[in-house]
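In case you want the letters, here they are:
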Amino acid sequence: MESFVIEGGHQLSGTIIPQGAKNEALQVVSAALLTDEPVRISNIPDILDVNNLIRLLKDIGVKVVKNSRHDYTFQADALNLDYLDSIEFVKKCSSLRGSVLLIGPLLGRFGRAIVAKPGGDKIGRRRLDTHFLGFKELGADFVHDPERNVYHITAKRLKGTYMLLDEASVTGTANIIMASVLADGVTTIYNAACEPYVQQLCHMLNGMGAVISGIGSNLLTIVGTKSLHGTRHRLLPDMIEVGSFIGMAAMVGNGVRVKDVSLRNLGVIPQSFRRLGVKIEVDGDDIFIPHQSHYEVESFIDGTIMTLADAPWPGLTPDLLSVLLVVATQARGSVLIHQKMFESRLFFVDKLIDMRAQIILCDPHRAVVVGQDHRIKLRAGRMTSPDIRAGIALLIAAMGADGVSRIENIAQIDRGYEDIEYRLNQLGAKISRVDD
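Definitions and cut-offs
Residues numbered from 1 in each chain as written. Predicted model: local features only at pLDDT ≥ 70, side-chain atom pairs only at ≥ 80, totals over all residues. Heavy atoms only, no water. Helix = DSSP H or I, 4+ residues; strand = E, 2+ residues; numbered from the N terminus. Rg over C-alpha atoms; globule rule 2.2 N^0.38 Å. Buried < 20%, exposed > 50% of the residue type's maximum accessible area, 1.4 Å probe, protein only. Contact = heavy atoms within 4.5 Å. Areas by Shrake-Rupley, 256 points an atom, 1.4 Å probe, with all protein chains shown as cover. Lys, Arg positive; Asp, Glu negative; His and termini not counted. Charge placed at Lys NZ, Arg CZ, Asp CG, Glu CD. Axes fitted to C-alpha atoms, helices over the stretch in contact; angles between N-to-C directions. Parallel < 35°, antiparallel > 145°, perpendicular 65-115°, else oblique. Left-handed = near helix turned anticlockwise from the far one by under 90°. Nonpolar A, V, L, I, M, F, W, Y, C, P; charged D, E, K, R; others polar. Pairing = 2+ DSSP bridges.

## Concerning the overall build of the protein chain
Here comes step 1: Of the regular secondary structure elements, the protein chain holds 14 helices and 23 strands.
Here comes step 2: The C-alpha atoms of the protein chain give 22 Å as radius of gyration, which agrees with the globular expectation for 436 residues (22 Å, within 12%).
Here comes step 3: Overall size of the protein chain, expressed as C-alpha extent along the three principal axes, is 65 × 50 × 45 Å.
Here comes step 4: The proportion of buried residues among the 436 residues of the protein chain is 57%.
Here comes step 5: Counting contacts in the protein chain only where the partners sit at least 6 residues apart, residues at least 24 apart contribute 74% of the total.
Here comes step 6: Accessible area of the protein chain: about 17000 Å², with a carbon and sulfur share of 49%.
Here comes step 7: Between the mean site of the 47 positive side-chain charges and the mean site of the 49 negative ones, the protein chain shows a separation of 1 Å.

Right, here's the structure in full:
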């Protein structure tokens, strides 16, 4: 186990480039299973979750060529499908939530898959019903193995159909899309997730010969094809990392430029920080966050307290509410943070309260942050990262605190952020990685 030791109070300045998008990487790397031809993907982030998925593909028999640190070629032309039934495969799937994205392409191309309860962040109940219901609509059968607690999913041939998803699940939508592209007939998915990562998956699949229309909307139409071919694809920058850097620059920045952010794919993220009073300048496809001694929370037009709440795209991604909450602790004014989609993501705020943040945790979904405008500075502390996004929020808090903080269980942060301490130290932070 490793920890971060953070010396607070150092201002950041300079330029930083966001990594490739983690969520998109998990989807498009899984999609390489849909063809026996080479699929080359660039801008892949070198992070724990993605690396573990790539290792899992190798175990299945996918040929993986590492062209450079962030550039891979995948070829799934000689898979060992018997490995799917092994204890080792099930064990690895249960520790990696991204492994659920293998079900759609395996089912679509080979007519069989196996799923164990996947791992990932401990942020409350994250059900897989949307995935399963979608596969059933396409004609798949499920058999539960109670001894191993896994589901065997089979289908002689998937058949296109109309389906209305019970929720706009990103991974559920991606999985159903990947199963549908090789199905017989036309599949219509209503209430589909339409995040940029899902859009990118659709564009990549169309580049492989799929026929998907309605991209960017919540109504997708997929005309099944008999086979797909290889392609090349480049990942978008990670919008969550971009938002994390905006938060850092607001809290402890002295002029930070985030380069090549793909501004049109950030949605309401810049606007959400601006509602906290954070100044953000746009320069082409870069954003610049100048030094700001003060930032004041806006009110709604009728004068009521500002509320920031997550919502399916194009609403605010839940992955950034933790960062926005930390930034709000040093704003001028108060804000209600409403986490609607997960019931445990606000439970890290007790660590911020220990650091002297003025926060009222109303219930598992809502917290009122009373900004202190730097009058009450956060104090250093010892804490544990419960999940990726809470981990980066605690890191931001520690960078703005008085004294030296320690964050344990940083493997959670490593799951989503590449070389984060090195990159931030290049901007002037003082973060060291130590063994526990």
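## Quick look at the packing of helix α10 (residues 321-328) against helix α12 (residues 388-399)
Here comes step 1: Packing of α10 against α12 leaves a shortest axis separation of 8 Å and a crossing angle of 20°. Between α10 and α12, the angle is such that the two are roughly parallel. For the element pair α10 and α12, the recorded crossing hand is right-handed. Across the interface between the two elements, Ser322, Val323 and Val326 of α10 pack against Arg389, Ala390, Ile392, Ala393, Ile396 and Ala397 of α12.
Here comes step 2: Considering only residue class, the contact of α10 with α12 consists of 7 nonpolar, 1 polar and 1 charged.

## Topic: the packing of helix α1 (residues 22-31) against helix α7 (residues 196-207)
Here comes step 1: Contact geometry of α1 with α7 gives a least axis separation of 9 Å together with a crossing angle of 25°. Between α1 and α7, the angle is such that the two are roughly parallel. Between α1 and α7 the crossing geometry is right-handed. Across from Asn23, Glu24, Gln27, Val28 and Ala31 in α1, the residues of α7 making contact are Tyr197, Val198, Gln200, Leu201, Met204 and Leu205.
Here comes step 2: Residues that form the contact of α1 with α7 fall into these classes: 7 nonpolar, 3 polar and 1 charged.

## Describing unusual backbone geometry
Here comes step 1: With an omega dihedral of 10°, the bond running from Trp313 to Pro314 counts as a cis peptide bond.
Here comes step 2: Within the fold, Pro314 resides in the loop between β17 (306-309) and α10.
Here comes step 3: With a phi angle near 65°, Asn191 is a residue other than glycine that sits in the positive phi range.
Here comes step 4: Along the chain, Asn191 falls in the loop between β10 (186-190) and α7.
Here comes step 5: For Asp419, which is not a glycine, the phi torsion comes out positive at approximately 45°.

## Considering the side chain of Ser272
Here comes step 1: Note on placement: Ser272 falls in helix α9 (residues 269-275).
Here comes step 2: Judged by its relative accessible area of 6%, Ser272 falls in the buried class.
Here comes step 3: Contacts of Ser272, omitting those with residues within four sequence positions, involve Leu308, Leu316 and Leu324.

## A closer look at the sheet that holds strand β12 (residues 219-223)
Here comes step 1: Judged by pairing direction, the sheet is mixed, and its 4 strands sit side by side in the order β9-β10-β12-β11 without closing on themselves. Edge positions in the sheet fall to β9 (162-164) and β11 (211-213), since each of these pairs with one other strand and no more. Between one strand axis and the next, the sheet turns through 15° on average, direction left out of account.
Here comes step 2: Here 3 bridges tie β9 to β10, and the two strands are oriented parallel to one another. Residue pairing in the sheet places Met163 in a bridge with Ile189 of β10.

## A closer look at the environment of Gly303
Here comes step 1: Mapped onto the fold, Gly303 is located in the loop between β16 (286-289) and β17.
Here comes step 2: For Gly303, a relative accessible area of 52% puts it in the exposed group.
Here comes step 3: Linking Gly303 and Val64, residues 239 residues apart in sequence, is a C-alpha distance of 56 Å.

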